[in-house]
Amino acid sequence: MDIRVTRAKIELMLTSPFWGSLATRLELKDWDGDTFATNGKYLFCPDPKYYENWTFSHLVFVIAHETWHCAGGHLFRMKDKDHFTWNVATDLATNFLLQRNNFQLAPGGLNDPEYNEMTAEKIYQLLVNDN
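Residues numbered from 1 in each chain as written. Predicted model: local features only at pLDDT ≥ 70, side-chain atom pairs only at ≥ 80, totals over all residues. Heavy atoms only, no water.

Asker: What's the story with the sheet that holds strand β3 (residues 42-45) in this structure? I'm lost.
Answerer: Backbone hydrogen bonds are what pair the strands of a sheet, in a parallel or an antiparallel way. Taken together, three strands build an open sheet; the order of strands is β1-β3-β2 and the sheet is mixed. In this open sheet, the two strands that pair with only one neighbour each are β1 (27-30) and β2 (37-38). Strand direction decides the pairing type here: β2 and β3, joined by two bridges, are antiparallel. Paired with A37 across the two strands is F44, which belongs to β3. (Pairing = 2+ DSSP bridges. Helix = DSSP H or I, 4+ residues; strand = E, 2+ residues; numbered from the N terminus.)

Have a look at this one:
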């Protein structure tokens with residue numbers, strides 16, 4: 001496990017107690033994927049080359065981001081929705097919320113003002129209707 005990710009999780013616990021207390025429930029785990037991810041139990045961390053140019057703030061953001069997928073019930077609210085489209089919708093809703101709470105969006109993070117202040121379900125419906 002990359003020590004920077006562990007330190008970012010600790011930083012989140014120290015500076016943002018709400019987000020940090022939620023993050024404590026996720027165990028960090030290396031994986032072969034090409035992004036950070038969660039299944040509600042683990043926060044899966046990709047090869048450090050994926051985020052080698054990220055700032056420390058970006059790492060803190062991504063931990064809060066993955067944590068909110070769990071706390072926001074995104075894993076359970078998906079139901080029979082298309083996985084890719086639901087993931088985009090939840091990422092847009094989550095990233096807006098985190099930026100509103102002064103987190104710095106990580107590189108590649110989805111951000112579209114058109115969907116600000118919408119629920120993931122509303123964003124999902126708009127995305128489905130656009131296709």
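And the narrative resumes.
Asker: How should unusual backbone geometry be read in this particular structure?
Answerer: It is generally the case that most residues other than glycine have a negative phi and that most peptide bonds are trans. In the Ramachandran plot, K79 falls in the positive-phi region, its phi being about 50° despite a non-glycine side chain. For K79, the position within the fold is in the loop between α4 (74-77) and α5 (83-100). Judged by relative accessible area, which is 70%, K79 ranks as exposed. The backbone phi angle of N102 is positive, close to 70°, even though this residue is not glycine. You can call N102 exposed: its relative accessible area is 74%. (Buried < 20%, exposed > 50% of the residue type's maximum accessible area, 1.4 Å probe, protein only.)

Functional significance is not addressed by these values, which are geometric in nature.
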